[in-house]
Amino acid sequence: MRIRSTAALAALSLLLAAPLASAADKPTDPQIAHIAYTAGVIDVEAAKLAISKSKNKDVVAFAEDMVRDHEAVNTQALDLVKKLNVTPEDNDTSRALTKAAADERAKLEKLDGAAFDKAYVDNEVAYHKQVNGALESLLIPSASNADLKALLETGLKIFQGHQQHAEHVAATVK
C-alpha cells in the first residue's frame, strides 16, 4: 500500500506540475482568480470526503479545518472579483487541477480505515506543497492587481500552515 500511495502522489505531483509549468507565460488576473478558487474548491471537496469516511479524530479535525479555511478564502476571493468586476477565466491549469482531483477522489473513495486516512493526509501534504509552490513562484508574481496579490499572499500564509498541519497529522497516521 505504501508503494501505491507514493506512486499516486508522484503521479498527482506530475499532473499538477505540468499545467502550472505550461502556464509560466504569466497567467492573467482572471485566470489566476479561477486557478486559486478551483484549488480551494478541490480541497474542500477532499476534506468533506475525509469527514464522511474517516474515523480518526485527528484526520477529521484536520479536514474540518480545511473546509473552514478554504471556504473562507474562496468567499473572500468571490467578494474581491465582484468588487473588481472581474469574471474568473477557466483555463488549462484549472481544468488539469480538476481532473487530477477527480482521479485522486476516485482512488480515495475505494479506500477505508487507516488506508484511507494515510492516502488522504499524504495527498494533502503533496497538494499543499504544489499549490504553495505555484502561489510563490507563479500566481503571486503574475498577479497585477494589488488586492488580488494581497489575497493570494494571505492565502499562501494560511496554506503553508495547512501544509505543516498535514505533515504533522501524516506523521501520526499509520
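Data block above holds the structure.
Along each chain, residue indices are assigned from 1 in the same order as the chain's sequence is written. For a predicted model such as this one, the threshold for reporting local features is a pLDDT of at least 70, and the threshold for listing and counting side-chain atom pairs is 80 or more; totals across whole chains, interfaces and linings nevertheless cover every residue. Heavy atoms throughout the structure, all of them, feed into the side-chain values; hydrogens and water do not.

Draft legend 1. Inspection of the layout of surface pockets at higher detail. Empty space within the largest pocket amounts to approximately 330 Å³. Contributing elements (two or more residues each) for the lining of the largest pocket: α2 (29-53), α3 (57-84), α5 (113-142) and α6 (146-172). Only protein atoms enter the 1 Å grid used here. Points where a 1.4 Å probe fits but cannot escape make up a cavity, open sets with protein on both sides within 12 Å along at least five of seven lines make up a pocket, and a residue lines them when an atom lies within 4 Å of a point. Lining of the second largest pocket is provided by 18 residues; of these, Ile 42, Glu 45, Ala 101, Ala 102 and Arg 105 occupy positions nearest its centre. For the lining of the second largest pocket, the secondary-structure elements that each account for two or more residues are α2, α4 (92-109) and α5. The biggest single contributor to the lining of the second largest pocket is α4, with 8 residues. Note that Gly is not counted as nonpolar here; it falls among the polar residues with everything else outside the nonpolar set of Ala, Val, Leu, Ile, Met, Phe, Trp, Tyr, Cys and Pro and the charged set of Asp, Glu, Lys and Arg. Among the residues making up the lining of the second largest pocket, the classes are represented as 10 nonpolar, 3 polar and 5 charged. Grid points are joined across faces, edges and corners, and a volume is the space filled by probe spheres set on the points. Helix and strand definitions here come from DSSP, where helices need a minimum of 4 consecutive H or I residues and strands a minimum of 2 consecutive E residues; each element is numbered from the N-terminal end.

Draft legend 2. Broad picture of the packing of aromatic side chains. Here a Phe, Tyr or Trp ring, Trp counted by its six-membered ring, pairs with any other such ring whose centre lies within 6.5 Å, and the pair is stacked when the planes are under 30 degrees apart, edge-to-face when over 60, and tilted otherwise. On inspection of all chains with the given rule, the structure shows 2 aromatic pairs. Relative to Tyr 120, the ring of Phe 116 lies with its centre 6.0 Å away and its plane at 0°, an arrangement referred to as stacked. Taken together, the residues Phe 116 and Tyr 120, both in helix α5 and 4 residues apart, mark about one turn of the helix. Like Tyr 120, Phe 116 is buried. Through successive ring pairs, a cluster of aromatic residues spans Phe 62, Phe 116 and Tyr 120. With a 1.4 Å probe rolled over the protein chains alone, any residue whose accessible area is under 20% of its type maximum counts as buried; one over 50% counts as exposed, and the rest are partly exposed.

Draft legend 3. Layout of unusual backbone geometry. Not every positive phi belongs to a glycine, and Asn 85 is a case in point at roughly 55°. Among the structural elements, Asn 85 can be located in the loop between α3 and α4. In this structure Asn 85 comes out as exposed when scored by relative accessible area, which is 71%.

Draft legend 4. Molecular detail of the environment of Asp 25. Counting through the fold element by element, Asp 25 comes out in the loop between α1 (2-22) and α2. Owing to a relative accessible area of 66%, Asp 25 belongs among the exposed residues under this scheme. A C-alpha to C-alpha distance of 9.1 Å links Asp 25 and Ser 142, two positions 117 residues apart in sequence.

Draft legend 5. Quick look at the pattern of salt bridges. Salt bridge, as used here: a side-chain nitrogen of Lys or Arg that lies within 4 Å of a carboxyl oxygen of Asp or Glu. In the structure shown here, the tally under the stated rule is 11 salt bridges. Here Asp 90 ties to Arg 95 by a salt bridge, and the two come within 3.2 Å at their closest N and O atoms. Taking the relative accessible area as the measure of exposure, Asp 90 reaches 40% and is therefore partly exposed. Note on Arg 95: relative accessible area 44%, which makes it partly exposed. Taken together, the shared-partner salt bridges connect Asp 65, Arg 68 and Asp 69 into one network.

Draft legend 6. Seen up close, the environment of Val 59. As for its position among the elements, Val 59 is in helix α3. Between the C-alpha atom of Val 59 and that of Asp 117, which follows or precedes it by 58 residues, the distance is 6.7 Å. The contact criterion used throughout is that any non-hydrogen atoms of two residues lie within 4.5 Å. Setting aside residues up to four positions removed in sequence, Val 59 forms contacts with Ser 54, Asp 117, Tyr 120, Val 121, Val 169 and Val 173.

All we've got here are geometric facts, nothing functional implied.
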